[in-house]
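Descriptive structure summary
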Amino acid sequence: TDEEMQDENIVAAYSIATMKDGTRSFEMMRRFEIDRVRETSKTGATRDRYGKPRTPSGPWVDWFPEMAKKTVMR
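First things first, this report covers the structure right here in the doc. Here the structure is a predicted model, which means the values were calculated and not measured. (Residues numbered from 1 in each chain as written. Predicted model: local features only at pLDDT ≥ 70, side-chain atom pairs only at ≥ 80, totals over all residues. Heavy atoms only, no water.)

Topic: the overall build of the protein chain
Along the backbone of the protein chain there are three helices and two strands. Helices and strands appear in the protein chain in the N-to-C order β-β-α-α-α. Scaling as 2.2 N^0.38, a compact globule of 74 residues should have a C-alpha radius of gyration of about 11 Å, whereas the protein chain reaches 14 Å, well beyond that. Along the first, second and third principal axes, the C-alpha set of the protein chain runs to 50 × 35 × 20 Å. Taken over 74 residues, the protein chain has a buried fraction of 19%. Sequence separation of 24 or more characterises 26% of the internal contacts of the protein chain that already satisfy a separation of 6 or more. Element-wise, carbon and sulfur atoms account for 53% of the exposed surface of the protein chain, whose accessible area totals about 6,100 Å². (Helix = DSSP H or I, 4+ residues; strand = E, 2+ residues; numbered from the N terminus. Rg over C-alpha atoms; globule rule 2.2 N^0.38 Å. Buried < 20%, exposed > 50% of the residue type's maximum accessible area, 1.4 Å probe, protein only. Contact = heavy atoms within 4.5 Å. Areas by Shrake-Rupley, 256 points an atom, 1.4 Å probe, with all protein chains shown as cover.)

This is the structure we're talking about:
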């Protein structure tokens, strides 16, 4: 449902990659790890570098699921 697909309901993201030689790479990050990466982003962070609250913007706000997937793949 649309309600189940809300960004705040995402608890983890994972990536499975198969290399040319057939070996597989598996990575998983929990939500708090993804949020930690988000906080290093200039636009996605909820606090500025001085610790003052700010309103996040950009892809972390508009496309959170895709940014979470990108984060775990990198």
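As for the pairing of strand β1 (residues 12–18)
For β1 and strand β2 (residues 24–30), the ladder comprises seven bridges, and the chain directions are antiparallel. Bridge pairing in β2 places I16 opposite F26. Taking the residues that link successive antiparallel strands as the turn, the β1-β2 hairpin has five residues, and the phi of G22 there is positive, at about 95 degrees. (Pairing = 2+ DSSP bridges.)

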